[in-house]
Protein chains: 2
Amino acid sequence: MSKKEETKKEETKKEETKQEETKKEEKKEETKKQDLVTPYEIKAVSETGIDYDKLVDRFGASMINEEMIEKLTEIATKKGIKLHHWIRRGLYFCHHDLHRIIIDYEQGKPFFLYTGRGPSGQMHLGHLVSFILTKHFQDIFGCAVVVQMTDDEKYLWNRKFTQLQIHKFLMDNIKDIISVGFDPEKTFIFSDYQYIKEMYPNITKVQRAITFSQVKGTFGFTNSNNIGQVAFPAIQIVPCFSSTFPKIFENFPKSKSKKSRGFNCLIPCAIDQAPYFRQAREIAYRIKEKKPSLIYAKFFPALQGHKTKMSSSKQTTAIYLTDKPNQIKNKINKHAFSGGGRTKEEHEKFGADLTVDVPYAYLKVFLEDDELLEEIRVKYGNGTMGTVQVKRTLIETLQKIVKKHQETKAQVTDETVKLFMTPRALKFD
Amino acid sequence: MSKKEETKKEETKKEETKQEETKKEEKKEETKKQDLVTPYEIKAVSETGIDYDKLVDRFGASMINEEMIEKLTEIATKKGIKLHHWIRRGLYFCHHDLHRIIIDYEQGKPFFLYTGRGPSGQMHLGHLVSFILTKHFQDIFGCAVVVQMTDDEKYLWNRKFTQLQIHKFLMDNIKDIISVGFDPEKTFIFSDYQYIKEMYPNITKVQRAITFSQVKGTFGFTNSNNIGQVAFPAIQIVPCFSSTFPKIFENFPKSKSKKSRGFNCLIPCAIDQAPYFRQAREIAYRIKEKKPSLIYAKFFPALQGHKTKMSSSKQTTAIYLTDKPNQIKNKINKHAFSGGGRTKEEHEKFGADLTVDVPYAYLKVFLEDDELLEEIRVKYGNGTMGTVQVKRTLIETLQKIVKKHQETKAQVTDETVKLFMTPRALKFD
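Residues numbered from 1 in each chain as written. Chains lettered and ligands numbered in written order. Predicted model: local features only at pLDDT ≥ 70, side-chain atom pairs only at ≥ 80, totals over all residues. Heavy atoms only, no water.

Chemist: What is the right way to look at the overall build of chain A in this model?
Modeler: Of regular secondary structure, chain A possesses 19 helices and 11 strands. Here chain A has a C-alpha radius of gyration of 24 Å; the compact-globule value for 429 residues is 22 Å, and the two agree. With respect to the principal axes defined by its C-alpha atoms, chain A has extents near 85 × 60 × 50 Å. Considering chain A as a whole, with its 429 residues, one finds that 52% of them fall into the buried category. (Helix = DSSP H or I, 4+ residues; strand = E, 2+ residues; numbered from the N terminus. Rg over C-alpha atoms; globule rule 2.2 N^0.38 Å. Buried < 20%, exposed > 50% of the residue type's maximum accessible area, 1.4 Å probe, protein only.)

Okay, here's the thing in structure tokens:
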């Protein structure tokens with residue numbers, strides 16, 4: 001190679017390096033402008049909250065389309081049940097391989113639902129969402145449900161808690177979950193501390209398949225994370241593989257496939273949990289397991305606005321399942337971020353901005369009456385209905401829901417909790 | 001500040017940065033020249049093997065001194081037992097807080113011994129060392145022993161193994177360990193897969209106290225390690241805290257100290273396991289546990305020489321507990337690295353170099369007869385005894401030991417294994 005050619009080559013290389021650096025910088029800038037969504041932190045760039053279209057793209061999920069909703073409506077209707085308004089109204093908005101579950105159902109093949117909770121305090125309304133939808137699916141599909149209580153996770157992430165404190169939250173939260181109405185013959189609720197031994201073979205299998213680099217990228221871990229946190233994703237991943245529950249699924253027909261063990265799993269969850277299950281889907285085939293299917297919910301916003309979600313550590317951001325009617329009233333009147341006009345005149349002229357209004361967002365979730373909701377959307381939106389009236393409707397709606405929940409929970413005994421938590425063969429039909 | 005001053009300041013800063021870099025470079029160089037000793041890799045710089053003096057310094061341990069040996073001899077003698085030649089001859093050469101155990105013993109306070117093994121294949125003679133010494137201590141102190149079998153570790157570190165294969169090694173290895181002669185009323189042997197539930201509260205406690213940065217430094221982990229490996233140190237650490245065994249130590253007197261729970265633990269192990277327990281000692285007080293005491297052995301060298309230790313993956317580097325008399329003979333004759341002269345003349349003139357000679361090193365470990373060993377040291381060292389004779393003595397010694405081991409192991413039934421592995425209250429007296 002001549003000297004000239006060499007110089008040219010070097011220059012080309014320099015140019016390439018420069019271009020690469022520019023690209024990296026651009027990507028960095030883009031990441032900065034991007035909504036932050038991990039199981040540990042959620043932060044929207046815009047006042048209207050998370051840009052879900054972009055998130056669906058980033059996470060490689062698919063939107064729930066009309067055809068899918070029709071199919072689910074058909075299945076629900078056959079059981080004499082109206083498909084949950086959360087699917088109809090788009091609270092559950094996207095999915096990974098939901099069609100696989102529908103095909104399994106139509107072919108009479110076994111599958112199960114998996115959801116869970118980290119017991120770090122009292123539960124609020126937002127925490128109920130996945131449980132209510134899971135229960136709804138249990139009703140329409142007649143299938144088994146496993147509920148993981150990640151008491152270990154909460155201990156690993158919260159230095160202020162002792163294991164005993166978390167255990168108290170655990171036992172209380174399980175009563176809330178049971179109150180949602182799960183079928184005791186088809187539902188297994190377990191705590192990680194109690195069920196670790198049965199899970200451990202699969203946990204180490206999953207751990208062996210994931211490097212620190214990977215969790216660093218997917219979960220945003222750094223060198224300062226403790227080593228329990230680093231390994232934790234495996235613990236939340238294993239319940240999506242049916243082989244984790246040999247005893248629980250003892251009565252379920254065995255799969256004949258040689259490619260992967262067991263049967264499909266559908267996980268209803270909020271989109272912030274996606275990293276766990278995207279990781280699960282990435283490694284599933286490598287460890288001869290089936291990729292889990294998922295259906296994702298949008299976040300249930302904090303009373304203060306769409307930029308973040310309800311938090312169990314900030315009492316005023318959420319309506320708790322233990323709140324008294326008066327507390328609910330005061331919280332909503334005082335803290336619920338309104339999209340209404342700043343003055344009466346402004347409101348009558350421009351109407352409310354429904355994209356940022358929290359009372360309206362809550363009504364979309366908790367007001368079952370489709371017609372009343374539509375009336376509010378139109379009238380509040382054009383300014384002929386005021387914030388006070390909308391808030392009043394919300395207060396009444398939530399007071400009713402919370403009261404009913406409290407009454408049901410009061411009936412849940414320690415024996416019932418024990419029954420749900422006993423490892424046993426669930427019913428298959 | 002004047003321009004001149006500024007320039008001067010800048011120069012000083014540059015100079016400092018330069019000095020720092022030089023220091024870093026020097027440190028790097030030093031690290032390169034340093035023996036590598038982690039639980040995953042051992043590599044000596046010199047032909048004579050690991051520089052143990054330097055290692056003791058680096059690990060902040062203390063040499064076992066004459067006074068300590070006298071004390072131990074006194075305790076052993078009272079029980080009618082001769083103190084093990086491994087302590088007298090310096091195979092076990094350094095310790096952390098061994099005196100605490102001696103004080104506990106003299107004051108009649110409870111303490112226990114902890115040792116273990118990762119079942120990744122058949123056991124060789126080197127693997128027996130910690131078990132034999134632990135059994136010796138059980139004899140002289142009359143105390144309880146817990147043996148951890150890290151089947152999970154071996155699975156996490158060896159992609160070629162299934163859990164079933166490791167389970168087979170586990171059950172076989174436990175028979176080898178029982179053959180050493182542990183007291184069934186005072187010994188609990190457990191596998192991580194089987195005992196994980198009982199350990200898990202303490203595991204998460206330890207995990208919460210250790211960051212990825214720390215294990216990166218202590219164990220040489222990188223971003224490519226799998227997340228199970230990253231979290232594993234906690235699992236090997238917890239058995240050194242007596243609170244991990246509430247049922248096992250049920251009959252032991254409770255400690256009244258408020259500062260830390262439970263009672264002391266002594267861990268006999270090879271020095272490559274030190275990183276685990278140095279980490280344990282570092283965090284013990286933070287989680288209100290007692291710092292474990294340790295007694296460390298030098299490595300048992302590979303037949304090929306002192307630069308590395310015996311390996312279960314390389315058949316010719318070690319004498320296996322399953323080897324037949326002929327295999328032992330052939331391996332030693334063929335592979336045992338000799339420090340003898342290259343020719344008969346040279347040998348008679350200069351004698352053997354005992355610092356690199358493997359047969360002599362093995363005899364120091366396995367020949368109990370102090371007088372015969374001394375004779376070999378003198379005569380082989382000055383060239384009046386030849387390599388052939390030394391090797392013959394070694395062959396006969398090892399054949400006898402291995403044969404006896406095989407005979408004992410043949411008597412260990414599955415029932416005996418089950419007995420040792422049953423979580424139960426151990427005897428305290």
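Chemist: So what exactly am I meant to see when it comes to the pattern of salt bridges here?
Modeler: Enumeration over the complete set of coordinates arrives at 37 salt bridges over all chains. Linking Lys186 of chain A and Asp429 of chain A is a salt bridge whose minimum nitrogen-to-oxygen distance equals 3.2 Å. Of the two residues, Lys186 of chain A is situated in the loop between helix 8 (163-179) and strand 7 (187-191) and Asp429 of chain A in the segment after helix 19 (414-421); the sequence distance between them amounts to 243 residues. You can call Lys186 of chain A buried: its relative accessible area is 8%. One salt bridge in this structure joins Arg89 of chain B and Asp370 of chain B, with 2.6 Å as the shortest N-O distance. (Salt bridge = Lys/Arg side-chain N within 4 Å of Asp/Glu carboxyl O.)

Chemist: What exactly am I supposed to notice about the domain arrangement of chain A here?
Modeler: It is common to give the size of an interface as the accessible area that goes away when the parts come together. All names here are of chain A. What the domain assignment reports for chain A is domain 1 (52-302) and domain 2 (311-411). Once you take the C-alpha centre of each, domain 1 and domain 2 turn out to be 29 Å apart. Contact with domain 1, which involves 20 residues of that partner, is made by 27 residues of domain 2. In terms of surface lost to domain 2, no three residues of domain 1 exceed Arg89, His124 and Leu125, which account for 32% of the buried area on that side. There are five salt bridges connecting domain 1 and domain 2. Summed over the shared surface of domain 1 and domain 2, the number is 14 residue pairs in polar contact (both at pLDDT 80 or more). (Domains from an automatic or database assignment. Contact = heavy atoms within 4.5 Å. Buried area = accessible area lost by both parts, 1.4 Å probe. Polar contact = N/O pair within 3.5 Å; in protein donor to acceptor, adjacent residues only side chain to side chain.)

Chemist: Teacher, can you tell me more about the relation of the copies chain B and chain A here?
Modeler: Between the two chain copies there is a screw-like relation: a rotation about an axis and a shift along it. The transform that puts chain B on chain A rotates by 180° and translates by 0.1 Å along the axis, for an RMSD of 0.2 Å. Taken together, the rotation and translation relating the two chain copies correspond to the operation of a two-fold axis. Minimal C-alpha distance to the rotation axis in chain B is attained by Lys197 of chain B, lying at 2.7 Å. Taken as a fraction of all interface residues of chain B, those also at the interface in chain A reach 100%, which identifies the copy contact as same-surface. (Least-squares fit on C-alpha atoms with pLDDT ≥ 70 in both.)

Chemist: Explain helix 18 (residues 387-411) of chain A here, please?
Modeler: Residues and elements named next belong to chain A. End to end, helix 18 covers 36 Å across 25 residues, agreeing with the expected 36 Å (1.5 Å per residue, within 8%). Taken together, the buried positions of helix 18 are Val390, Lys391, Thr393, Leu394, Ile395, Thr397, Leu398, Val402, His405 and Lys409. On its buried face, helix 18 sits against helix 6 (125-141), helix 8, helix 14 (325-335), helix 16 (358-366) and helix 17 (370-382). (Expected span 1.5 Å × (residues − 1).)

Chemist: So what exactly am I meant to see when it comes to the sheet that holds strand 4 (residues 92-96) of chain A here?
Modeler: Strands in a sheet are paired, the pairing made by backbone hydrogen bonds, and the direction either parallel or antiparallel. Residues and elements named next belong to chain A. Within the open sheet, the seven strands sit side by side as 3-4-9-8-5-6-7. Their pairing is mixed. Each edge of the open sheet carries a strand with a single partner, namely strand 3 (62-63) and strand 7. Sheet analysis places strand 4 next to strand 9 (residues 293-297), joined by four bridges and oriented antiparallel. The partner of His95 across the bridge, within strand 9, is Ile295. Contacts from helix 13 (residues 274-283) reach strand 4, strand 5 (111-117), strand 8 (264-270) and strand 9, with the element oriented near 165° to strand 9. (Pairing = 2+ DSSP bridges. Axes fitted to C-alpha atoms, helices over the stretch in contact; angles between N-to-C directions.)

Chemist: What is the right way to look at the interface of chain B and chain A in this model?
Modeler: Each partner contributes to the interface: chain B provides 35 residues, whereas chain A provides 35 residues. Buried surface at the junction of chain B and chain A, summed over both partners, amounts to about 3200 Å²; 59% is from carbon and sulfur atoms. By the criterion of area lost to chain A, the three top residues of chain B are Tyr200, Arg208 and Ile227 of chain B, representing 28% of everything that side buries. In this assembly, chain B and chain A are joined by zero salt bridges. The tally of links from chain B across to chain A stands at 24 residue pairs in polar contact (both at pLDDT 80 or more). Within the residue set of the side of chain B that touches chain A, elements represented by two or more residues are helix 7 (151-157), helix 9 (192-208), helix 10 (212-219), helix 11 (227-231) and helix 12 (233-237) of chain B. Examining the composition of the side of chain B that touches chain A, we find that 11 residues originate from one element, helix 9 of chain B, more than from any other. The class makeup of the residues in the side of chain B that touches chain A is 16 nonpolar, 12 polar and seven charged. (Nonpolar A, V, L, I, M, F, W, Y, C, P; charged D, E, K, R; others polar.)

Chemist: When you look at helix 8 of chain A in this model, what are you seeing that I'm missing?
Modeler: In an α-helix, one full turn covers 3.6 residues, which means residues spaced three or four apart are oriented alike. The terminal C-alpha atoms of helix 8 of chain A lie 24 Å apart, and with 17 residues this matches the ideal 24 Å at 1.5 Å per residue to within 8%. Among the residues of helix 8 of chain A, Gln163, Ile166, Leu170, Asn173, Ile174, Asp176, Ile177, Ile178 and Ser179 of chain A are the ones counted as buried.

Chemist: Help me understand the environment of Phe277 of chain B, please; the structure alone is not making it clear to me.
Modeler: All names here are of chain B. Within the secondary structure layout, Phe277 lies in helix 13 (residues 274-283). Classification of Phe277 by relative accessible area gives buried; the value is 2%. For the pair Phe277 and Leu55, spaced 222 residues apart in the sequence, the C-alpha separation amounts to 15 Å. Apart from residues no more than four positions distant in its own chain, Phe277 is found in contact with Tyr114, Gln236, Ile267, Cys269, Pro292 and Leu294.

Chemist: What should I look at first to understand the sheet that holds strand 7 (residues 187-191) of chain B in this one?
Modeler: Residues and elements named next belong to chain B. What the seven strands build is an open sheet, ordered 3-4-9-8-5-6-7; its pairing is mixed. Two strands close off the open sheet at either side, each with one partner strand: strand 3 (62-63) and strand 7. Here three bridges tie strand 5 (residues 111-117) to strand 8 (residues 264-270), and the two strands are oriented parallel to one another. Across the sheet, residue Leu113 finds its bridge partner in strand 8, namely Leu266.

Chemist: I tried to follow a negative patch on the surface on my own but got confused; where do I start?
Modeler: All names here are of chain A. The grouping of Glu66, Glu67, Glu70 and Glu74 at the surface amounts to a negative patch. Checked against the element boundaries, Glu67 lands in helix 3 (residues 66-78). For Glu67, a relative accessible area of 62% corresponds to the exposed category. (Patch = residues over 30% accessible without salt bridge, like charges linked within 9 Å, V, L, I, M, F, W, Y side chains within 5 Å. Areas by Shrake-Rupley, 256 points an atom, 1.4 Å probe, with all protein chains shown as cover. Lys, Arg positive; Asp, Glu negative; His and termini not counted. Charge placed at Lys NZ, Arg CZ, Asp CG, Glu CD.)

Chemist: How should I be thinking about the environment of Tyr193 of chain B in this particular structure?
Modeler: Summarising the element assignment, Tyr193 of chain B is placed in helix 9. Sequence separation between Tyr193 of chain B and His167 of chain B is 26 residues; the distance between their C-alpha atoms is 9.5 Å. In contact with Tyr193 of chain B, not counting residues within four places along its chain, are Lys197, Tyr200, Pro201 and Thr204 of chain A together with Asp151, Asp152, Tyr155 and Gln163 of chain B.

Chemist: For this particular structure, what's the right way to read the side chain of Ser179 of chain B?
Modeler: Residues and elements named next belong to chain B. With respect to the helices and strands, Ser179 occurs in helix 8 (residues 163-179). Its relative accessible area of 12% is what places Ser179 among the buried residues. Polar side-chain contacts of Ser179 include one of 2.6 Å to the backbone oxygen of Lys175. Ignoring anything within four residues of it in the chain, the contact list for Ser179 reads His405, Thr408, Lys409 and Val412.

Chemist: How should the nonpolar core be read in this particular structure?
Modeler: The nonpolar side chains of a soluble globular protein tend to be buried, and buried together. One finds Phe249 of chain A together with Phe249 of chain B to be the most contacted residues of the largest nonpolar core, which totals 124 residues. Not counting chain neighbours up to four residues away, the residues in contact with Phe249 of chain A comprise Phe112, Ala144, Val146, Ser242, Lys254, Phe263 and Leu426 of chain A. (Core = buried A, V, L, I, M, F, W, Y, C linked by side-chain atoms within 4.5 Å.)

Chemist: Is there a simple way to think about the pairing of strand 8 of chain B in this case?
Modeler: Working note: regular strand, side chains alternate between the two faces of the sheet. Residues and elements named next belong to chain B. Counting buried residues in strand 8 gives six out of seven residues, a clear majority hidden from the surface. Here strand 8 runs beside strand 9 (residues 293-297); their pairing, made up of five bridges, is parallel. Each bridged residue has a counterpart across the sheet, and for Leu266 the counterpart in strand 9 is Ser293. The parallel pair strand 8 and strand 9, bridged by helix 13, forms a crossover whose chirality is right-handed. (Right-handed = clockwise from strand over helix to strand, strands pointing away.)

Chemist: Is there a simple way to explain the packing of aromatic side chains in this structure?
Modeler: The geometry of an aromatic ring pair is captured by the separation of the ring centres together with the interplanar angle, meaning the angle of the planes. Enumeration over the complete set of coordinates arrives at 61 aromatic pairs over all chains. Aromatic side chains Tyr200 of chain A and Tyr193 of chain B sit 5.1 Å apart centroid to centroid with 55° between the ring planes, which places their arrangement in the tilted category. Separated into two different chains, Tyr200 of chain A in helix 9 (residues 192-208) and Tyr193 of chain B in helix 9 make up a pair that spans both. On the accessibility criterion, Tyr200 of chain A (5% relative accessible area) is buried. Among the residues examined, Tyr193 of chain B registers a relative accessible area of 13% and is labelled buried. Centre to centre, the rings of Tyr276 of chain A and Phe277 of chain A are 6.3 Å apart; their planes meet at 55°, and the pair counts as tilted. Per residue, the accessibility class of Tyr276 of chain A equals that of Phe277 of chain A, and both read buried. One aromatic cluster is present, formed by Phe112, Phe188, Phe190, Tyr195, Phe245, Phe249, Phe252, Phe263 and Phe428 of chain A through successive ring pairs. (Phe/Tyr/Trp six-rings, centres within 6.5 Å; stacked < 30°, edge-to-face > 60°.)

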